[in-house]
Amino acid sequence: MPPSATAGDIVVGDPILLPPDSREDGGGAGGSAPLELQGTAPLGPAAERTSIVLCTKWSGSFSDTHLGEDYVDEGHVERLRAEGRAIDRWVRDPHPARFASATVSGSAGAVWKGALDIQGCTPTLSVAPGAYSFTVTTKLVSGTTTYDIYKVFEPTPGKSCTPTRISNPPKRWCESNDSVMTSFTVQNVTRDVRRVDVPAGPETPSSRVASVAGQVLATPDRGLKSNDTYTIYANSGCPYYKDPSTGVVWYNWDEACGGSTAYFGLSQAADHHDMTTVKYVIAHELGHQMQTHQASWMLSGGGDYPPAASAPAACKCDFVEAANKLHCLQSRHAWWTAEIEGWAHFFAQRTFNERTRDDPVFAYYKEVRTDDGITHRPPFVTNALTPVKWIPNHCPLANKSSEWDLLVFLTALHGGSAPNALSMSEIFGVYEKLRSTSAPRTWSGMDGAALAYFGNDPNHVKYKRFHEAGLASGVGFSE
Ligand SMILES: [Zn+2]
């Protein structure tokens, strides 16, 4: 098989996905030790070594990509357009393996072990000519924040594995990070530092989730907690559900959900498709996970799903076929339920767009029915800063809102080019003020909490932005 990449006289082989039970450290619950730089192995005099930087990517094809967003989109559309070719949204894209845990090993052992940088590259390594391996793992570490991305798999007879932490699985499962290993050979010594672009490995649910989670970690003012690990199962639906009408218990019952842990795909309970092919859904669930880790009280109570049967058709989800009808972009819910979902949409849009864009692209994964009677198939693409005032315009009711209106509101607090944007810590500060004062989770409660947070000064520029964004987006209105 020919080498798949070369850089000068460094020959790089084809990347392979390692078997899930092949990791030396087990990779599972409490398994791996903290990653640390180990320096270079003793490889002889400096004159006999050469300097290299290894960079790599994850494979990730998404159904909702190249829609005008900035990230997790490597510019294929521009290239295809330039070549006059048809645009297929399922273009196979590699995405930088940002912050991925990696190991470079030679015959003498590990040369380097640590997290790749924001570009998916190692630091400059000094190596002698010889044979090496480069292994990249779906455990992303940036500072003290970790996204630990697992797949579950059936144990191989006779081999040990790390049992999954998913509670009460119906059968014994194991869990592991995905690890992609590429062999390379340094043939001789040169004076220049050589960058080696190692091809992305095979595409898996974990590689798709890692593509998105790495971008979340790269987002400025990302708002994630420090000293915190976000555990994700990339190929296992939500772990447990008891159907209230039949009493039947399902495991892995739904296709995607995010709480203290996030779960995606391969439901055993229904004919669901793998939601890791929809990148806005991945980021949406990571948004719920961030909510849970930062302020779990925001999700307590579970939300008033589905919308009331008495709501006007424009404010229900009867036309939705792509996923459940429990909620949709335009459904009317209690203000705080709309906020739970609107928050996750906000988190998704900020993952894929520059913060100061005035036209941030949001792609929705269910159908949307507009006033002209047209039901738009997903992905439904909209500008997350364009107010639609769906609830005030279609079904105004006190203390109710929609996830669409909340998406626009939260985006308007934090993003766009207008001055006095709120930081993520200021937004969480307002929420904490709401919680600590036991104010209702309605627009009036939130508006009062923001006023209190910003010193009870109605002329505070950030409070004014908060208040005006609420009115402009339609999450605050008078009937
Ligand atoms: Zn959600």
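Shown above is the structure to which this text applies.
Residue numbers here run from 1 along each chain, matching the order of that chain's written sequence. With pLDDT at 70 or above as the cut-off, local features in this predicted model cover only qualifying residues; side-chain atom pairs require 80 or more to be listed or tallied, and sums for whole chains, interfaces and linings still use all residues.

Asks: Please provide a residue-by-residue account of unusual backbone geometry, values included.
Replies: Each neighbour pair has its own omega, and for Y305 with P306 the value is -15°, a cis peptide bond. Numbering of helices and strands runs from the N terminus; a helix is a DSSP stretch of H or I covering at least four residues, while a strand is a stretch of E covering at least two. Looking at the element boundaries, P306 is found in the loop between helix 3 (279-295) and strand 20 (333-334). With omega at -5°, the peptide bond leading from P378 into P379 counts as cis. In this fold, P379 is placed in the loop between strand 23 (375-376) and strand 24 (380-383). Positive phi values are uncommon outside glycine, yet F99 reaches one of about 65°.

Asks: Which residues make up the nonpolar core, and what values go with them?
Replies: Counting residues in hydrophobic clusters, the biggest one holds 113 residues, and the most contacted among them are A100, V209, A213, I232 and F264. No other element matches the 10 residues that helix 4 (residues 335-352) contributes to this core. Note that contacts rest on C-beta atoms placed from the backbone: two residues are in contact if these are within 7 Å. Among all residues touching A213, those that are not within four sequence positions of it are L140, Y147, I149 and L286. Take the buried Ala, Val, Leu, Ile, Met, Phe, Trp, Tyr and Cys residues, join any whose C-beta atoms are within 7 Å, and the set you get is a nonpolar core. A residue is called partly exposed when the number of other C-beta atoms within 10 Å of its own lies between 12 and 20, exposed at 12 or fewer, and buried at 20 or more, with C-beta atoms placed from the backbone.

Asks: If you had to explain the packing of helix 6 (residues 403-414) against helix 9 (residues 461-473) to someone new, which residues and values would you point to?
Replies: It is the contact of helix 6 with helix 9, at a shortest axis distance of 9 Å, that shows an interaxial angle of 155°. Viewed along their axes, helix 6 and helix 9 adopt a mutual orientation that is roughly antiparallel. Crossing geometry of helix 6 relative to helix 9 is assigned as right-handed. Between helix 6 and helix 9, the residues in contact are D405, V408, F409, A412 and L413 and R465, F466, A469, G470, A472 and S473, respectively. Only the stretch in contact is used when a helix axis is fitted, and all axes are lines through C-alpha atoms; the angle between N-to-C directions ranges over 0 to 180 degrees. Any angle that falls under 35 degrees is termed roughly parallel, while one over 145 is termed roughly antiparallel, one within 65 to 115 roughly perpendicular, and all others oblique. Left-handed describes a crossing in which the near helix is turned anticlockwise from the far one by less than a right angle; the clockwise case is right-handed.

Asks: Describe the environment of D93, and please don't skip the residues or the numbers.
Replies: Structurally, D93 is set in strand 5 (residues 93-96). Taking the C-alpha atoms as reference points, D93 and A200, separated by 107 residues in sequence, lie 9.4 Å from one another.

Asks: Residues and numbers for the environment of H467, please.
Replies: Tracing the backbone through its elements, the reader meets H467 in helix 9. Classification of H467 by C-beta neighbours within 10 Å gives partly exposed; the count is 18. Separated by 17 residues in sequence, H467 and A450 have C-alpha atoms that sit 8.2 Å apart.

Asks: Describe the environment of D192, naming the residues involved and giving the relevant values.
Replies: If you trace the backbone, D192 turns up in the loop between strand 13 (179-186) and strand 14 (194-198). Overall, D192 belongs to the exposed group, with 9 C-beta atoms counted inside 10 Å. Each C-alpha atom of the pair D192 and T50 lies 7.7 Å from the other, and the pair is 142 residues apart in sequence.

Asks: Describe the pairing of strand 4 (residues 50-60), naming the residues involved and giving the relevant values.
Replies: Counting buried positions along strand 4 yields 8 of 11 residues, so the element is predominantly enclosed. Two strands qualify as a pair provided DSSP detects at least 2 bridges between them. Here strand 4 pairs with strand 8 (residues 125-127) via 3 bridges, running antiparallel. Among the inter-strand pairings, I52 is bridged to a residue of strand 8, identified as L125. Sheet topology note: the strand 4/strand 14 ladder contains 5 bridges and is parallel. The partner of L54 across the bridge, within strand 14, is V196. Inspection of the sheet shows strand 4 paired to strand 5 by 4 bridges, in the antiparallel sense. Residue pairing in the sheet places W58 in a bridge with H95 of strand 5.

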